[in-house]
Amino acid sequence: MNIRQAIADATTRLSQTSGSARLDAEILLAHVLGCDRSHFIAWPDKQLETDQLEQFESLLEKRINGSPIAYLTGSREFWSLDMAVSEDTLIPRPETETLVEYVLEHFPADLSFKLLDAGTGSGAIAVAIASERPGWKLVASDIDLASVQLAQRNAGKHGIGNITFLQSDWFDNIEQKDFDIIISNPPYIAEQDPHLSRGDVRFEPRRALTSGTHGMDAIEHLCQHAAKHLKPGGRLIVEHGYDQADSVYE
Ligand code: GLN
């Protein structure tokens, strides 16, 4: 089977369950071949080896069963950086780049700020900000050790040396009390939210997604404890659900 046939066949099979069947097929095949998708345009007639086809088939079956592409390839782009991801962490979302943008807009590069990314997961937020603000001192924490290690790996991958990593249940192991910024994309989905049984989120860790009956437990905890770790006038910046703005302000 050649590249063109493999992609066409996979696209047909994926279209039953995925809204982006052709793209999924191309991304998975590119991952197996260790090449860029543009390779397929240049070499559509290239024959695939048996082991390549087997590997492709195995990924395809997982994708047909709903596995997120990012978990199958082990990476996702965030802030134009290639971030390693694993099933231990949430897959970074483009919406979360809004938090990074906000920080860069409001806190200039020529001043040195101290920032904590609480619940860093893959390290997406901390690594993105550190890549833009090499002079700042960042701390990134997560309750889950595998996530802390993954975040560390992502920092290393992008040559970032100004983040200290800590395993901590929110502020439990954070002694520092002089942050200018505490930032977090905490879990904020209500435990019974029907979205949890759809799409990629079915495969993501529950602890990274849900937080109590109204999804507000983690945000409440951050609001109650952040001040003790912030300088006077410091900022707490959190992502929250589309319908939670009023509760969060309150
Ligand atoms: N901070 C990480 C992210 O934005 C993880 C967030 C989470 O697990 N809730 O991707």
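This text goes with the structure placed above it.
Summary of the structure given here. (Residues numbered from 1 in each chain as written. Predicted model: local features only at pLDDT ≥ 70, side-chain atom pairs only at ≥ 80, totals over all residues. Heavy atoms only, no water.)

## What to know about the side chain of Asn162
Item 1. Note on placement: Asn162 falls in the loop between helix H8 (145-157) and strand E5 (163-167).
Item 2. The buried category is assigned to Asn162, whose relative accessible area is 15%.
Item 3. At a separation of 3.1 Å, a polar atom in the side chain of Asn162 contacts the main-chain carbonyl oxygen of Arg133.
Item 4. From its side chain, Asn162 meets the backbone oxygen of Pro134 in a polar contact 3.2 Å long. (Helix = DSSP H or I, 4+ residues; strand = E, 2+ residues; numbered from the N terminus. Buried < 20%, exposed > 50% of the residue type's maximum accessible area, 1.4 Å probe, protein only. Polar contact = N/O pair within 3.5 Å; in protein donor to acceptor, adjacent residues only side chain to side chain.)

## Thoughts on unusual backbone geometry
Item 1. The backbone of Trp79 sits at a positive phi, close to 55 degrees, despite the residue not being glycine.
Item 2. Counting through the fold element by element, Trp79 comes out in the loop between strand E1 (75-78) and strand E2 (81-84).
Item 3. Its identity is not glycine, yet Trp170 carries a phi of approximately 45 degrees, on the positive side.
Item 4. Along the chain, Trp170 falls in the loop between E5 and strand E6 (179-184).
Item 5. Under the relative-accessibility criterion, Trp170 is labelled buried at 18%.

## Points about the pattern of salt bridges
Item 1. Tallying each qualifying case throughout the model produces 12 salt bridges.
Item 2. As a salt-bridge pair, Asp45 and Arg4 come within 2.9 Å of each other at their nearest N and O atoms. Of the two residues, Asp45 sits in the loop between helix H3 (38-42) and helix H4 (50-64) while Arg4 sits in helix H1 (residues 3-14), which places them 41 residues apart along the sequence.
Item 3. A residue is classified by how much of its surface remains accessible, and Arg4, at 47% relative accessible area, is partly exposed.
Item 4. We note a salt bridge from Lys157 to Asp82, for which the minimum N-O separation is 3.2 Å. Pair noted here: Lys157 is in helix H8 and Asp82 is in strand E2, with a separation of 75 residues, a long-range link.
Item 5. Through salt bridges with shared partners, a single ionic network connects Asp9, Arg13 and Glu57. (Salt bridge = Lys/Arg side-chain N within 4 Å of Asp/Glu carboxyl O.)

## A look at the site of the ligand
Item 1. Neighbouring residues of the ligand: Leu90, Pro92, Thr96, Gly119, Thr120, Gly121, Ile125, Asn185, Pro186, Pro187 and Ala208.
Item 2. The separation between a nitrogen atom of the ligand and a polar main-chain atom of Asn185 is 2.9 Å.
Item 3. Relative to its unbound accessible surface of 300 Å², the ligand loses 96% to contact with the protein.
Item 4. The class makeup of the residues in the shell around the ligand is 6 nonpolar, 5 polar and no charged. (Near = heavy atom within 4 Å. Areas by Shrake-Rupley, 256 points an atom, 1.4 Å probe, with all protein chains shown as cover. Nonpolar A, V, L, I, M, F, W, Y, C, P; charged D, E, K, R; others polar.)

## Observations concerning the packing of aromatic side chains
Item 1. This structure, assessed with the given rule, holds 3 aromatic pairs.
Item 2. With a centroid separation of 6.5 Å and 85 degrees between ring planes, the pair formed by Phe107 and Trp136 is classed as edge-to-face. Of this pair, Phe107 sits in the loop between helix H6 (97-106) and strand E3 (114-118) while Trp136 sits in the loop between helix H7 (124-132) and strand E4 (137-142), placing them 29 residues apart in sequence.
Item 3. Overall, the relative accessible area of 8% leaves Phe107 in the buried class.
Item 4. A centroid spacing of 5.2 Å and a plane angle of 75 degrees characterise the contact between Phe113 and Trp136, whose relative ring orientation is edge-to-face. In this pair, Phe113 is assigned in the loop between H6 and E3 and Trp136 in the loop between H7 and E4, connecting sequence segments 23 residues apart.
Item 5. Owing to a relative accessible area of 13%, Phe113 belongs among the buried residues under this scheme.
Item 6. Here a set of aromatic residues connected by ring pairs shows up, and it is made of Phe107, Phe113 and Trp136. (Phe/Tyr/Trp six-rings, centres within 6.5 Å; stacked < 30°, edge-to-face > 60°.)

## A short note on the sheet that holds E6
Item 1. Spatially, E5-E4-E3-E6-E7 is the arrangement adopted by the 5 strands of the open sheet, whose pairing is parallel. Two strands lie at the open edges of the sheet, namely E5 and strand E7 (230-238), each paired on one side alone. Between one strand axis and the next, the sheet turns by 20 degrees as a mean value, whatever way the strands run.
Item 2. As judged from the 3 bridges shared by E3 and E6, these two strands associate in the parallel manner. What sits directly across from Leu115, in E6, is Ile181.
Item 3. Most of the contacts of H7 go to E4, to which it runs at about 170 degrees, and overall it touches E3, E4, E5 and E6. (Pairing = 2+ DSSP bridges. Axes fitted to C-alpha atoms, helices over the stretch in contact; angles between N-to-C directions. Contact = heavy atoms within 4.5 Å.)

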